[in-house]
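What follows is the residue order along each chain.
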Amino acid sequence: MAENEPGLEPLSEDARIAALDERLRRAKAEEAVRNGAADSKGDASYRLGNRVLAELIGSMVGGAVIGGTLDYLLGTSPWLLLVLLFLGIASAFRNIIRISNQRSE
(Lines give C-alpha, C1' and ligand atoms only; values in the text may rest on other atoms or scores of the structure.)
Protein backbone atom coordinates (compact mmCIF):
# COMPACT_ATOMS: atom_id res chain seq x y z
CA MET A 1 0.00 0.00 0.00
CA ALA A 2 2.80 2.39 0.70
CA GLU A 3 3.95 2.01 -2.88
CA ASN A 4 0.71 3.44 -4.19
CA GLU A 5 0.61 6.50 -1.92
CA PRO A 6 2.04 9.76 -3.27
CA GLY A 7 4.85 11.33 -1.32
CA LEU A 8 8.45 12.37 -1.48
CA GLU A 9 10.72 10.25 -3.56
CA PRO A 10 13.56 8.76 -1.57
CA LEU A 11 16.99 10.25 -2.06
CA SER A 12 19.46 8.33 -4.09
CA GLU A 13 22.01 6.33 -2.14
CA ASP A 14 24.91 8.67 -2.99
CA ALA A 15 23.04 11.74 -1.74
CA ARG A 16 22.22 10.01 1.55
CA ILE A 17 25.83 9.00 2.09
CA ALA A 18 27.05 12.50 1.25
CA ALA A 19 24.54 14.01 3.69
CA LEU A 20 25.62 11.57 6.39
CA ASP A 21 29.28 12.37 5.78
CA GLU A 22 28.55 16.08 6.06
CA ARG A 23 26.65 15.61 9.33
CA LEU A 24 29.46 13.44 10.73
CA ARG A 25 32.07 16.02 9.75
CA ARG A 26 30.11 18.80 11.46
CA ALA A 27 29.57 16.67 14.58
CA LYS A 28 33.30 15.86 14.80
CA ALA A 29 34.21 19.54 14.41
CA GLU A 30 31.74 20.54 17.14
CA GLU A 31 33.07 17.80 19.42
CA ALA A 32 36.66 18.95 18.83
CA VAL A 33 35.71 22.52 19.75
CA ARG A 34 33.84 21.29 22.82
CA ASN A 35 36.80 19.21 24.00
CA GLY A 36 39.30 21.97 23.24
CA ALA A 37 41.23 19.87 20.71
CA ALA A 38 40.70 22.36 17.90
CA ASP A 39 43.30 24.84 19.19
CA SER A 40 46.51 23.05 18.23
CA LYS A 41 48.63 26.24 18.01
CA GLY A 42 48.05 27.08 21.66
CA ASP A 43 48.77 23.50 22.62
CA ALA A 44 52.07 23.55 20.74
CA SER A 45 53.09 26.77 22.50
CA TYR A 46 52.21 25.23 25.85
CA ARG A 47 54.34 22.16 25.09
CA LEU A 48 57.25 24.37 24.01
CA GLY A 49 57.04 26.38 27.22
CA ASN A 50 57.01 23.22 29.30
CA ARG A 51 60.04 21.93 27.39
CA VAL A 52 62.00 25.13 28.06
CA LEU A 53 61.06 25.01 31.75
CA ALA A 54 62.06 21.35 32.00
CA GLU A 55 65.42 22.08 30.37
CA LEU A 56 66.11 24.92 32.80
CA ILE A 57 65.06 23.14 35.97
CA GLY A 58 66.41 19.72 34.99
CA SER A 59 69.87 20.96 34.11
CA MET A 60 70.23 23.03 37.26
CA VAL A 61 68.91 20.34 39.58
CA GLY A 62 70.95 17.65 37.86
CA GLY A 63 74.15 19.68 38.18
CA ALA A 64 73.45 20.49 41.83
CA VAL A 65 72.65 16.88 42.77
CA ILE A 66 75.67 15.43 40.99
CA GLY A 67 77.94 18.18 42.35
CA GLY A 68 76.66 17.77 45.89
CA THR A 69 77.06 14.01 45.75
CA LEU A 70 80.61 14.27 44.43
CA ASP A 71 81.43 16.89 47.07
CA TYR A 72 80.15 14.56 49.78
CA LEU A 73 82.12 11.59 48.45
CA LEU A 74 85.35 13.47 47.69
CA GLY A 75 85.25 15.97 50.57
CA THR A 76 85.67 19.06 48.39
CA SER A 77 82.85 20.94 50.16
CA PRO A 78 81.12 23.49 47.87
CA TRP A 79 83.44 23.55 44.87
CA LEU A 80 82.13 20.70 42.72
CA LEU A 81 78.57 21.70 43.60
CA LEU A 82 79.18 25.23 42.34
CA VAL A 83 81.08 24.15 39.23
CA LEU A 84 78.49 21.58 38.16
CA LEU A 85 75.62 23.94 39.01
CA PHE A 86 77.07 26.61 36.72
CA LEU A 87 77.74 23.97 34.03
CA GLY A 88 74.08 22.92 34.34
CA ILE A 89 72.94 26.52 33.97
CA ALA A 90 75.16 27.02 30.92
CA SER A 91 73.86 23.78 29.40
CA ALA A 92 70.26 24.84 30.04
CA PHE A 93 70.76 28.22 28.36
CA ARG A 94 72.50 26.57 25.42
CA ASN A 95 69.60 24.15 24.96
CA ILE A 96 67.02 26.93 25.30
CA ILE A 97 68.80 29.00 22.66
CA ARG A 98 68.93 25.94 20.39
CA ILE A 99 65.19 25.34 20.91
CA SER A 100 64.36 29.00 20.15
CA ASN A 101 66.42 28.94 16.92
CA GLN A 102 64.49 25.96 15.49
CA ARG A 103 62.06 26.70 12.69
CA SER A 104 58.42 26.55 13.60
CA GLU A 105 56.35 24.05 11.66
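Residues numbered from 1 in each chain as written. Predicted model: local features only at pLDDT ≥ 70, side-chain atom pairs only at ≥ 80, totals over all residues. Heavy atoms only, no water.

Now for the side chain of Ser59. Mapped onto the elements, Ser59 comes out in helix α2 (residues 40-74). Judged by relative accessible area, which is 17%, Ser59 ranks as buried. At 3.0 Å, the side chain of Ser59 forms a polar contact with the backbone oxygen of Glu55. (Helix = DSSP H or I, 4+ residues; strand = E, 2+ residues; numbered from the N terminus. Buried < 20%, exposed > 50% of the residue type's maximum accessible area, 1.4 Å probe, protein only. Polar contact = N/O pair within 3.5 Å; in protein donor to acceptor, adjacent residues only side chain to side chain.)

For helix α3 (residues 79-101), with 23 residues, the first-to-last C-alpha span of 33 Å sits near the 33 Å given by 1.5 Å per residue. When α3 is considered as a whole, its buried residues turn out to be Gly88, Ala92, Asn95, Ile96 and Ile99. (Expected span 1.5 Å × (residues − 1).)

Applying the stated criterion across every chain yields a total of 3 salt bridges. For Arg25, the salt bridge identified is with Glu22, shortest N-O distance 2.5 Å. On the criterion of helical spacing, the pair formed by Arg25 and Glu22 is a turn pair, its members being 3 residues apart in helix α1 (residues 13-35). In this structure, a network of salt bridges that share partners links the residues Glu22, Arg25 and Arg26. (Salt bridge = Lys/Arg side-chain N within 4 Å of Asp/Glu carboxyl O.)

The next subject is the confidence of the model for the chain. Across the chain, the average pLDDT comes to 84, with 79% of residues at or above 70. For the chain, α1 is the element with the lowest average pLDDT, namely 85, and α3 is the one with the highest, namely 94. (pLDDT = per-residue confidence, 0-100.)

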